[in-house]
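Examining the three-dimensional arrangement
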Amino acid sequence: MAEVSVRNLKKNYGAVEVIHGIDVDIADGDFVVLVGPSGCGKSTLLRMIAGLEEVTSGDILIGDRRVNHLSPNERDIAMVFQSYALYPHKTVEANMGFALKLRKTDKAEVKRRVTEAAEILGLTPYLNRFPRALSGGQRQRVAMGRAIVRDPQVFLFDEPLSNLDAKLRVQMRTEIRELHLRLKTTTVYVTHDQIEAMTMADKIVVLNGGNVEQIGSPLDLYDRPDNRFVASFIGSPSMNLIDGTVGEIADGTANLTLGALTLTVPAPSALAQGQTITLGVRPEHLSLSEAGLPVKVRVVEPTGSEIHVVFQFQDQEVTAIFRDRHPLSPGDHVHLALDMSQLHLFDGETGARIA
């Protein structure tokens, strides 16, 4: 195992800079997820750590070694791809042991490692099968087993669950997390799915446009997003964001003008009268009431344990999650109360959190 450090890392394709001076520290044994929208640079960053992309400038350290100019097989890492990348003409056992065979590892040692990895992943009954005779989840386990037998310092996962159906994705992310808790190998995992990030990570790195927006534990990012982008990206359904202007501030409260509505909220000390702001509230922190935001029901989405309701508030959409099965129908006019202890305020110009 080893820590991974990224120092002022940049990546250019010709004259276009796609990674803009990223700094990330990954502790020994941590499970860190790189998350962000398509094109944000997360896979490029992972491939630079793996040695599959050249570094334009900056440093990558694995343990105490600077690895910028080392080939992938010299970095002591193992990578699991989205596409499985299995040899179709080799059995499960041969696929898992192939990298060790190339290293000219003793046959008995290869057998021992493959057998051990197969037991961990529940692949023992399938060792003599070919990939075509396996399900998608089993193929992904084989790809993981191939990484495990190498006993690397760092595991790298590049969207490994994207090809699986929804139920299997839930099962596999649990298995990957349990595997990490068992092996305790430093792991860097890329996904565009923020639910995967929230449920699997010790620490999340949120990327956007080649920059790091915020680094922290899943609940830190959920409860205290640094800016409007993180607030909207982390959480499903995402945080409701309503633009407004700060009116009178007095006795620790502020009047916010939200279109035609004035709402009185607790006032942070950094708030200034006349300032443009964005008010943020999570869907679970809204409730039906006699007063509050006047809204019109647009869509009702029952999920079984909850009801997700999309409302129209003035010219924008607001989503609420209810545990109770309220008899709501499209076209209904109701009011939503906001949990005042759970509000978020962001600067209208910079998008930064107002502390």
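This text goes with the structure placed above it.
Residues numbered from 1 in each chain as written. Predicted model: local features only at pLDDT ≥ 70, side-chain atom pairs only at ≥ 80, totals over all residues. Heavy atoms only, no water.

Things to note about the overall build of the chain
- Check the secondary structure of the chain and you find 8 helices and 20 strands.
- Of the contacts made within the chain by residues no fewer than 6 positions apart, 66% connect residues no fewer than 24 positions apart.
- Taken as a whole, the chain presents about 16600 Å² of accessible surface, with 48% of it coming from carbon and sulfur.
- Of the side chains in the chain, 37 bear a positive and 44 a negative charge, and the two mean positions are spaced by 12 Å. (Helix = DSSP H or I, 4+ residues; strand = E, 2+ residues; numbered from the N terminus. Contact = heavy atoms within 4.5 Å. Areas by Shrake-Rupley, 256 points an atom, 1.4 Å probe, with all protein chains shown as cover. Lys, Arg positive; Asp, Glu negative; His and termini not counted. Charge placed at Lys NZ, Arg CZ, Asp CG, Glu CD.)

Regarding the nonpolar core
- Judged by nonpolar contacts, the single largest core of 43 residues is most densely connected at Met96, Met144, Ile176 and Tyr189.
- Listed in part, the 30 residues of the second largest apolar core include Ile242, Val281, Val295 and Phe311. (Core = buried A, V, L, I, M, F, W, Y, C linked by side-chain atoms within 4.5 Å. Buried < 20%, exposed > 50% of the residue type's maximum accessible area, 1.4 Å probe, protein only.)

Looking at the sheet that holds strand 1 (residues 4-13)
- Strand order in the open sheet formed by 4 strands is 2-1-4-5, and the pairing between neighbours is antiparallel. The open sheet is flanked by strand 2 (16-26) and strand 5 (65-66), the only strands paired with a single partner.
- Relative to strand 4 (residues 57-62), strand 1 runs antiparallel, the two being bridged by 5 bridges. Residue pairing in the sheet places valine 4 in a bridge with isoleucine 62 of strand 4.
- In the packing of helix 1 (residues 42-50) onto the sheet, contacts are made with strand 1, strand 2 and strand 4, and the angle to strand 1 comes to roughly 115°. (Pairing = 2+ DSSP bridges. Axes fitted to C-alpha atoms, helices over the stretch in contact; angles between N-to-C directions.)

Looking at the pattern of salt bridges
- What the rule picks out here adds up to 14 salt bridges.
- A salt bridge links glutamate 53 to arginine 47, with the shortest nitrogen-to-oxygen separation between them at 3.6 Å.
- A relative accessible area of 19% places glutamate 53 in the buried class.
- When its relative accessible area of 28% is taken as the criterion, arginine 47 is described as partly exposed.
- One salt bridge connects arginine 169 with glutamate 196, and the closest N-O pair in it is separated by 2.5 Å. With a gap of 27 residues between them, arginine 169 in helix 5 (residues 166-183) and glutamate 196 in helix 6 (residues 194-200) connect regions that are remote in the sequence.
- Judged by relative accessible area, arginine 169 falls into the buried class, the value being 17%. (Salt bridge = Lys/Arg side-chain N within 4 Å of Asp/Glu carboxyl O.)

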